[in-house]
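# What the coordinates show
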Amino acid sequence: MHILLYVPDNHVSRNFGPQLWPFILKERTPAGHRVTIIDGNARRLSVAEIVQFVRDEGVDLVGMGFMTRMARTAYQVAAAVRAETSARVVLGGPHVTAVPDEPLGRTGLARVADTVVIGEADDIWPEIVADASRGALADTYGPDGHGVKPTLEVYKAVDWESVDLGLFDLMRFAPNPLRRVFTAMGIPFQKIYVIPVESGRGCPYACEFCSVTGFFGRDLRFRSNESVIAELLSLKRVAARDRALVSVFFVDDNFAINRIRLKSLLREMIARDACVPWTGQISVNLLDDEELVELIHRSGGHFIFMGLESVDPVSLKSAHKAFNKPADYARILERMARYDIYAITSFIVGLDGDRPGTAARLEAEIAKWPPVLPVFGLLTPYPATPLYDKLKASGRLLRPTHWLESGSFKATFQPEGFTTESFEAEMREAWTRTYRPRTFARTQRWLVERGKGMDPQITYLVSRLLFRGIYFQTASPWAWVRLLGANLPTIASVVARALFRVGPRREPGAAAPTSGVPGSKSTSESDSAAA
Ligand code: B12
Ligand code: SF4
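Residues numbered from 1 in each chain as written. Chains lettered and ligands numbered in written order. Predicted model: local features only at pLDDT ≥ 70, side-chain atom pairs only at ≥ 80, totals over all residues.

### Concerning the sheet that holds strand β1 (residues 2-7)
Reading across the sheet, the 6 strands line up as β2-β1-β3-β4-β5-β6 and stay open at both edges, with parallel pairing between neighbours. Only two strands of the sheet have a single neighbouring strand rather than two, namely β2 (34-39) and β6 (140-141). Here 4 bridges tie β1 to strand β3 (residues 61-65), and the two strands are oriented parallel to one another. From the neighbouring strand, Leu4 faces β3, where its bridge partner is Val62. (Pairing = 2+ DSSP bridges. Helix = DSSP H or I, 4+ residues; strand = E, 2+ residues; numbered from the N terminus.)

### Considering the pairing of β3
The side chains of a regular strand alternate between the sheet's two faces. For β3, a buried count of 5 out of 5 residues is recorded, marking the element as mostly surrounded by other parts of the structure. In β3, alternate side chains face the same way, and those of Leu61, Gly63 and Gly65 on one face and Val62 and Met64 on the other are all buried. Relative to strand β4 (residues 88-92), β3 runs parallel, the two sharing 5 bridges. Across the sheet, the residue bridging to Val62 is Val89, located in β4. With respect to chirality, the unit in which β3 leads through helix α3 (residues 71-84) into the neighbouring parallel β4 is right-handed. (Buried ≥ 20, exposed ≤ 12 C-beta atoms within 10 Å, placed from the backbone. Right-handed = clockwise from strand over helix to strand, strands pointing away.)

### What to know about the packing of helix α2 (residues 47-56) against α3
In the contact formed by α2 and α3, the axes pass within 9 Å of each other and the chain directions differ by 45°. One finds that α2 runs oblique with respect to α3. For the crossing formed where α2 meets α3, the hand is right-handed. Together, Val47, Ile50, Val51 and Val54 of α2 and Gln76, Val77, Ala80, Val81 and Glu84 of α3 make up the contact between the two elements. (Axes fitted to C-alpha atoms, helices over the stretch in contact; angles between N-to-C directions. Parallel < 35°, antiparallel > 145°, perpendicular 65-115°, else oblique. Left-handed = near helix turned anticlockwise from the far one by under 90°. Contact = placed C-beta atoms within 7 Å.)

### Describing helix α19 (residues 488-500)
Look at α19: 18 Å from first C-alpha to last across 13 residues, which is about the 18 Å you get at 1.5 Å a residue. Residues of α19 that are buried sit in contact with α16 (437-449) and α17 (454-471). (Expected span 1.5 Å × (residues − 1).)

### Details of the site of ligand 1
The immediate surroundings of ligand 1 are formed by 36 residues, with Gly63, Gly65, Met67, Thr68 and Gly92 found nearest. Of all elements in the fold, only α1 (21-27), β3, β4 and α4 (94-98) reach the threshold of two or more residues within the shell around ligand 1. Of the residues belonging to the shell around ligand 1, the class tally is 18 nonpolar, 13 polar and 5 charged. Composition of the shell around ligand 1 by domain shows at least three residues from each of domain 1 (2-141) and domain 2 (160-500). (Near = placed C-beta within 6 Å. Nonpolar A, V, L, I, M, F, W, Y, C, P; charged D, E, K, R; others polar. Domains from an automatic or database assignment.)

### Description of the nonpolar core
Within the largest apolar cluster, 74 residues are counted, with the highest numbers of intra-cluster contacts made by Ile195, Val248, Leu333, Met336 and Val349. Excluding its chain neighbours within four sequence positions, the residues that come into contact with Met336 are Leu287, Val293, Ile341, Tyr342 and Ala343. Core analysis: the next-biggest nonpolar cluster, separate from the first, contains 43 residues, Tyr6, Ala74, Val81 and Val90 among them. (Core = buried A, V, L, I, M, F, W, Y, C linked by C-beta atoms within 7 Å.)

### A closer look at the domain arrangement of the protein chain
Per the domain assignment, the segments of the protein chain are domain 1 (2-141) and domain 2 (160-500). Using only C-alpha atoms to locate each centre, domain 1 and domain 2 end up separated by 28 Å. Counting only elements with at least two residues in the side of domain 1 that touches domain 2, the list comes to α3 and α4. Considering each element in turn, the side of domain 1 that touches domain 2 owes the most residues, 3 residues, to α4. Considered class by class, the residues forming the side of domain 1 that touches domain 2 number 9 nonpolar, 6 polar and 3 charged.

### Describing the packing of α16 against α19
Running from N to C, α16 and α19 cross one another at 25°; their axes reach a closest spacing of 9 Å. Between α16 and α19, the interaxial angle falls into the category roughly parallel. For the crossing formed where α16 meets α19, the hand is left-handed. Contact residues: α16 offers Pro437, Phe440, Ala441 and Gln444, while α19 offers Thr490, Ser493 and Val494. Partitioning the contact of α16 with α19 into residue classes produces 4 nonpolar, 3 polar and no charged.

### Concerning the environment of Ala113
When you line up the elements, Ala113 lands in the loop between α4 and β5 (115-117). C-beta crowding within 10 Å serves as the criterion here: with 28 such atoms nearby, Ala113 is assigned to the buried category. If we ignore the near neighbours within four places in the chain, the residues touching Ala113 are Ala78, Val89, Val90, Leu91, Pro103 and Leu104.

### A look at the sheet that holds strand β14 (residues 372-378)
The sheet built from 6 strands is open, its strands ordered β7-β10-β11-β12-β13-β14 with parallel pairing. Where the open sheet ends on each side, the last strands, each with one partner, are β7 (191-197) and β14. Adjacent strand axes in the sheet meet at a mean angle of 20° when their direction is disregarded. Where strand β12 (residues 301-309) lies against strand β13 (residues 342-349), 6 bridges are found, and the strand directions are parallel. If you follow Phe305 over to β13, its bridge partner there is Ile344.

### Thoughts on helix α14 (residues 386-393)
All buried positions along α14 are accounted for by Leu387, Tyr388 and Leu391. The buried residues of α14 all sit within an arc of 100° when viewed along its axis, so they share a single face. At the C-terminal side of α14, Gly395 shows a positive phi close to 70°. (Arc of directions from axis to C-beta.)

### Structural notes on the environment of Ala359
Structurally, Ala359 is set in helix α13 (residues 358-366). In sequence terms Ala359 and Trp431 are 72 residues apart; their C-alpha atoms lie 8.2 Å from each other. In contact with Ala359, other than residues within four places in its own chain, are Glu426, Glu429, Ala430 and Arg433.

Written out as structure tokens, the structure reads:
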């Protein structure tokens, strides 16, 4: 059979790297079948073009995996493939696991899938492929009869050395003059790849809005250190071969959920020279551990994604996330910054307990911390989460199948403390307040005042521009020109420092100079200027 594994276009951002699931399934596809992977975010194809590809290439089985946000697009593609070709369609991933009956046409929608896979497919994929090749696909595969989750102890890692990563090269859009500037700034690589690697699954925390505990379970499962290290070493070979910066995104939902295990992995990465620049997702409470922070630094960790969600303990309690303690945020972030580790801090607007003024409050708190990359989202009830069930039971769900309608960044339920309009406006305001030009300037000033090197300065500047551009959907070149123009003084000063290598340097972990430390006079002044 020819199998196409297709990642639907998310219509919001181009993904910054490949998705893991198609590569996992490809590794587990029995011999004798041909597998093609197309990521619709890297190679945008219209529905008609996908159908054409399926026909022209003689595809027999199309597999698609997606989050709730991509369901509408995925269903359109699936319906067209079924209607216009002879290929079978199998859907998997977090969304259809939550609502398996929906794509099978059992909830009133037209049927769009031949088969739905509920939960993790690692172990059952060979059986699905075998059934498909003898024309005997079942409607569903999943927990019934397959209740045991994959252990990950025996893990078939992705063979990244054989993958053509060109489509995911983040430098591919950089024009030649910009590349020359990068070279002059001492940036030694020609390509940038962000590669997803998993080291474990499961999270016991069960935050109300999150689907992970329901999907992967409370019990933790880990790959062996040896298996992760082998994958990292192979990525280092890719980096050397392609003269690329290979940055790993550990997709574990809570990378430090077992700190003893993570420390042992990081120590082994250091000992075996398997360190790569990496990013991971870790709950803030687990980062209150200097030994861990130091190991993160030494093993190549630069950015940590953390779901802070709110700076209000009442809101956090409502979301079953009271283990986040806002009073500790600044201290933990400052210690991380001493080790040159920065945070992508995610906030949710619209938690029960939030009230108008949330955006201003967030801005004021964030300005007291070392620089972070904040991201904001509207509280969204994803199916099969405790939040969804609560809102449904209390009659507050405005659009119970919101994923089938268009409209990102739109209210899907009646928030407790807002009208739906003020709720949406509050989130936009949070973005606007924390990404205005003076906050760009403040970030760079903070880094310079503490003698941070050019790496964090450039990374921060580029990341802030990208985050601002992506979330405001700065799609047109003119919008990018305006964004760059508004931040020109900051951009110029970073480029000048990089070209002429000016500014103080300091070893990570060393105490920060006192001038401008968060909460001191100079920072407070810039805070109030930003407010
Ligand atoms: C990495 C990641 C991202 C990356 C994706 C980019 C990338 N290159 O990977 C980024 C950071 C961009 C991202 C963004 C978002 N994400 Co995200 N993300 C994840 C994360 C942490 C890991 C995904 C992963 O690789 N998992 C490991 C693989 C092995 O698991 P898997 O993908 O589920 O695949 C397995 C099964 O699902 C199944 N399967 C999957 N697909 C298919 C297909 C077929 C055919 C078959 C048979 C089986 C199958 O088999 C696989 C192996 O067992 C997950 C949480 C998690 N741990 O899964 C959240 C998660 C997927 N994200 C989530 C959300 C909500 C988002 C955002 C909407 C958040 C936001 N508000 O902005 C955005 C939306 C992005 C967009 N623009 O559309 C939710 C989705 C919930 C839902 N019902 O939709 C998750 C589950 C996290 C959560 N807290 O609930 N995300
Ligand atoms: S800690 Fe993160 S992964 Fe775990 S349940 Fe909460 S939001 Fe989900």
